[in-house]
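Reading the structure
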Amino acid sequence: MAEPTNLNRFRKQQAREKKRAQADENAVKFGRTRAEKQRDKAEAERATRRIDGHKRDA
């Protein structure tokens, strides 16, 4: 006789795989590369230094 299959476990596994596939798609669509993140961080730091350099002394 064959082993009984737990349908709930099967459904949950399918749902996990579907979510993982959707997450991978979103990462490709909306994700940023390491270089883009570093560039944005450098620009933000440069802007902060520029603003701090223009502040008046109390």
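Quick summary incoming for the structure in this document. (Residues numbered from 1 in each chain as written. Predicted model: local features only at pLDDT ≥ 70, side-chain atom pairs only at ≥ 80, totals over all residues. Heavy atoms only, no water.)

Examining the overall build of the chain
Per the secondary structure count, the chain includes two helices and zero strands. Over its C-alpha trace the chain gives a radius of gyration of 25 Å, far above what one expects of a compact globule, namely 10 Å for 58 residues. Viewed in the frame of its principal axes, the chain has a C-alpha envelope of about 85 × 25 × 15 Å. Residue burial in the chain is summarised as follows: out of 58 residues, 0% are buried. Counting every atom, the chain has about 6300 Å² of accessible surface; 51% of that belongs to carbon and sulfur. Positive and negative side-chain charges of the chain, numbering 18 and 10 respectively, have mean locations separated by a distance of 4 Å. (Helix = DSSP H or I, 4+ residues; strand = E, 2+ residues; numbered from the N terminus. Rg over C-alpha atoms; globule rule 2.2 N^0.38 Å. Buried < 20%, exposed > 50% of the residue type's maximum accessible area, 1.4 Å probe, protein only. Areas by Shrake-Rupley, 256 points an atom, 1.4 Å probe, with all protein chains shown as cover. Lys, Arg positive; Asp, Glu negative; His and termini not counted. Charge placed at Lys NZ, Arg CZ, Asp CG, Glu CD.)

Some remarks on the pattern of salt bridges
Summed over all chains, the structure comprises four salt bridges. Asp-40 is the salt-bridge partner of Arg-39, the closest N and O atoms lying 3.3 Å from each other. Accessibility expressed as a relative area gives 26% for Asp-40, which makes it partly exposed. Note that Asp-52 is salt-bridged to Lys-55, the shortest N-O span being 3.4 Å. By relative accessible area, Lys-55 is classed as exposed at 55%. Residues participating in the shared-partner salt-bridge network are Arg-32, Arg-39, Asp-40 and Glu-43. (Salt bridge = Lys/Arg side-chain N within 4 Å of Asp/Glu carboxyl O.)

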